[in-house]
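Okay, here's what each chain looks like letter by letter:
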Amino acid sequence: MDSKYASIGKEKENKNSFDNIKVKKMKLCTDNNVKQTKENSKVIETNGVKQISPSKSNSLYDISEDIHEVRKTLPVYIVRGRLLEEIQKHSTMIIIGETGSGKTTQIPQLIYENQHESKSIIAVTQPRRVAAITLAMRVAAEMRTDIGSTVGYCVRFEDVTSPRTKVKYLTDGMLLREAVADPLLKKYSTIILDEAHERTVNTDILFGIVKLAQKDRNDQKLNPLKVIIMSATMDVDTFRNFYDNCPVIYLEGRTYPVTIYHSKTKHEDYQYAAVCTIFQLHATTPANHDFLVFLTGQEEIETVMSKIKQLAKECTGPSIKVCPLYAGLPASKQLQVWKKTPPGTRKIVLATNIAEASVTIPQIKYVIDTGVVKERVGWLHTPQESRKYEVEV
Ligand SMILES: Nc1ncnc2c1ncn2[C@@H]1O[C@H](COP(=O)(O)OP(=O)(O)OP(=O)(O)O)[C@@H](O)[C@H]1O
């Protein structure tokens, strides 16, 4: 996104650069036609297990919203009959579907609605905690059920499931832990390994574990295990070879019109450029158009957040709610991102790349991507780093 302000003049050094920002006082567009929504869910903690109370609201999602109509437009929903036939036919399969086709939210529901064994649980793994939680809440709302009953989630320090749970979203790490206690993963009838292309140590081990569990359950004549590998994009041949040439289904997705603007110049001080762009957009777009800004980590997010709060005081127009989103943030704070803001308030989400895939944040209309990311790398050439690399792998 090209920022008019960011490209004016010389960029200053990091520590002072924000002082350079001038907030234009102008009449801002507001959109007051946004409906007021109910208060969101409440978290109760009992014996160290947090339970989301359905009493105030079922989840982060307002049941009164037309989420059922949205669901019906999803490609997976449209081809559900044909897809189900394939799922029933094969014990292992790979499903490739474009982002937003409805793989993660619809396929578990489809299997649940058609499974006859009432005791079985469908597990859906996610690489990120926040994805597991928000997807479970979304699916619970779509199924008109309370979170923690038919649909639940399990992430580190938080198990929101019950004996009634049949669709369980959980992180790769949690399923791996369960596999240590029960290598056959007997409580599950179906295991969906989602976002398979993200390949971490956890997921790679899980691919082997579920394959073994499936085989051992067959050998021991126990209830069969269905394994579904899902992704938007991945190296299909590698996975297909590993899973004995299992069938692969491709699903078409939905696309939304996206206009991409690039900065004309390289901004060494990308935080400054991002803040400039935020206020440039803030001055010209309706209040119910929320922003998502990608930064590299907690420290940067906190710096930019405090600058936005400070500059917001000098602005007229819609108020601003800034929501941080990074892996180290407690889950309850991460969920603030999904809470609706009052009419006339703009939400600005400052996130690391954890918001890049597998999560959907409604109402985001503008994405400001600084184009930088923190990555952990292993060096093979020095003895110290090479040891580190070995330990991590
Ligand atoms: N947490 C959410 N909040 C609001 N809408 C959601 C949420 N999760 C899903 N949706 C809606 O459901 C649609 C399908 O999402 P889903 O996650 O099932 O797609 P997907 O094919 O798994 O995409 P991806 O490959 O990005 O995970 C989204 O485009 C969005 O309209």
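Residues numbered from 1 in each chain as written. Predicted model: local features only at pLDDT ≥ 70, side-chain atom pairs only at ≥ 80, totals over all residues. Heavy atoms only, no water.

A.B. asks: Teacher, can you tell me more about the confidence of the model for the chain here?
C.D. replies: It should be kept in mind that the predicted coordinates are not to be read in detail where pLDDT is low. Averaged over all residues, the pLDDT of the chain is 81; the fraction at 70 or higher stands at 78%. In this model residues 1-16 is a low-confidence stretch, pLDDT under 50, and it forms 41 contacts with partners more than four residues away in sequence or in other chains. Residue range residues 387-393 is modelled with pLDDT below 50. Its contacts to residues more than four positions away, or to other chains, number five contacts. Among the scores for the predicted complex, ipTM is 0.94 and pTM is 0.78. (pLDDT = per-residue confidence, 0-100. Contact = heavy atoms within 4.5 Å.)

A.B. asks: Sorry if this is basic, but what is going on with the sheet that holds strand β13 (residues 345-351) here?
C.D. replies: Hydrogen bonds along the backbone pair up the strands of a sheet, which may run parallel or antiparallel. Across the sheet, which stays open at both edges, the four strands sit in the order β12-β13-β11-β14 with parallel pairing between neighbours. Each edge of the open sheet is held by one strand with a lone partner, namely β12 (319-325) and β14 (364-369). The sheet shows a mean angle of 20 degrees between the axes of neighbouring strands, taken without regard to direction. Summarising the sheet, strand β11 (residues 290-294) and β14 pair through five bridges and their orientation is parallel. (Pairing = 2+ DSSP bridges. Helix = DSSP H or I, 4+ residues; strand = E, 2+ residues; numbered from the N terminus. Axes fitted to C-alpha atoms, helices over the stretch in contact; angles between N-to-C directions.)

A.B. asks: Can you help me understand a nonpolar patch on the surface in this one?
C.D. replies: Judged by side-chain polarity, Tyr256, Val258 and Ile260 come together as a nonpolar surface patch covering roughly 380 Å² of accessible area. Mapped onto the elements, Val258 comes out in the loop between β10 (248-251) and α9 (270-282). Judged by relative accessible area, Val258 falls into the exposed class, the value being 66%. (Patch = residues over 30% accessible without salt bridge, like charges linked within 9 Å, V, L, I, M, F, W, Y side chains within 5 Å. Areas by Shrake-Rupley, 256 points an atom, 1.4 Å probe, with all protein chains shown as cover. Salt bridge = Lys/Arg side-chain N within 4 Å of Asp/Glu carboxyl O. Buried < 20%, exposed > 50% of the residue type's maximum accessible area, 1.4 Å probe, protein only.)

A.B. asks: What exactly am I supposed to notice about the pairing of strand β4 (residues 121-126) here?
C.D. replies: Look at any regular strand and the pattern is simple: side chains alternate between the two faces of the sheet. Counting buried residues in β4 gives six out of six residues, a clear majority hidden from the surface. Side chains of β4 alternate between two faces, with Ile121, Ala123 and Thr125 and Ile122, Val124 and Gln126 buried alike. Taken together, the five bridges between β4 and strand β8 (residues 188-193) define a ladder with parallel strand orientation. Across the sheet, Val124 pairs through a bridge with Ile192, a residue of β8. Strand direction decides the pairing type here: β4 and strand β7 (residues 167-171), joined by five bridges, are parallel. Note that in β7 the partner of Val124 across the bridge is Tyr169.

A.B. asks: What's the story with the pattern of salt bridges in this structure? I'm lost.
C.D. replies: Side-chain pairs of opposite charge can arise where the charged atoms are in close proximity. Tallying each qualifying case throughout the model produces 15 salt bridges. Residues Asp244 and Lys211 are paired through a salt bridge, measuring 3.7 Å at the closest nitrogen-oxygen approach. Residue Asp244 is located in the loop between α8 (236-242) and β10, and its partner Lys211 is located in helix α7 (residues 201-219); the two are separated by 33 residues in the primary sequence. By relative accessible area, Asp244 is classed as exposed at 58%. Put simply, Lys266 and Glu268 hold a salt bridge, and the shortest N to O gap is 2.9 Å.

A.B. asks: Honestly, the sheet that holds strand β3 (residues 92-97) in this entry has me stumped. Any pointers?
C.D. replies: A sheet is described by the order of its strands in space; here eight strands give the open sequence β6-β5-β7-β4-β8-β9-β3-β10, paired in mixed fashion. A single partner strand is all that each edge strand has here, and the edge strands are β6 (158-160) and β10. Taking the axes of each pair of neighbouring strands and ignoring which way they run, one obtains an average angle of 20 degrees across the sheet. Pairing between β3 and strand β9 (residues 226-231): five bridges, direction parallel. Its bridge partner lying in β9, Ile95 is registered against Met230. Running over the sheet, helix α4 (residues 103-114) touches β3, β4, β7, β8, β9 and β10 and is turned about 170 degrees from β4. Contacting β4, β5 (151-155), β6 and β7, helix α5 (residues 129-142) crosses the sheet at an angle of about 170 degrees to β5.

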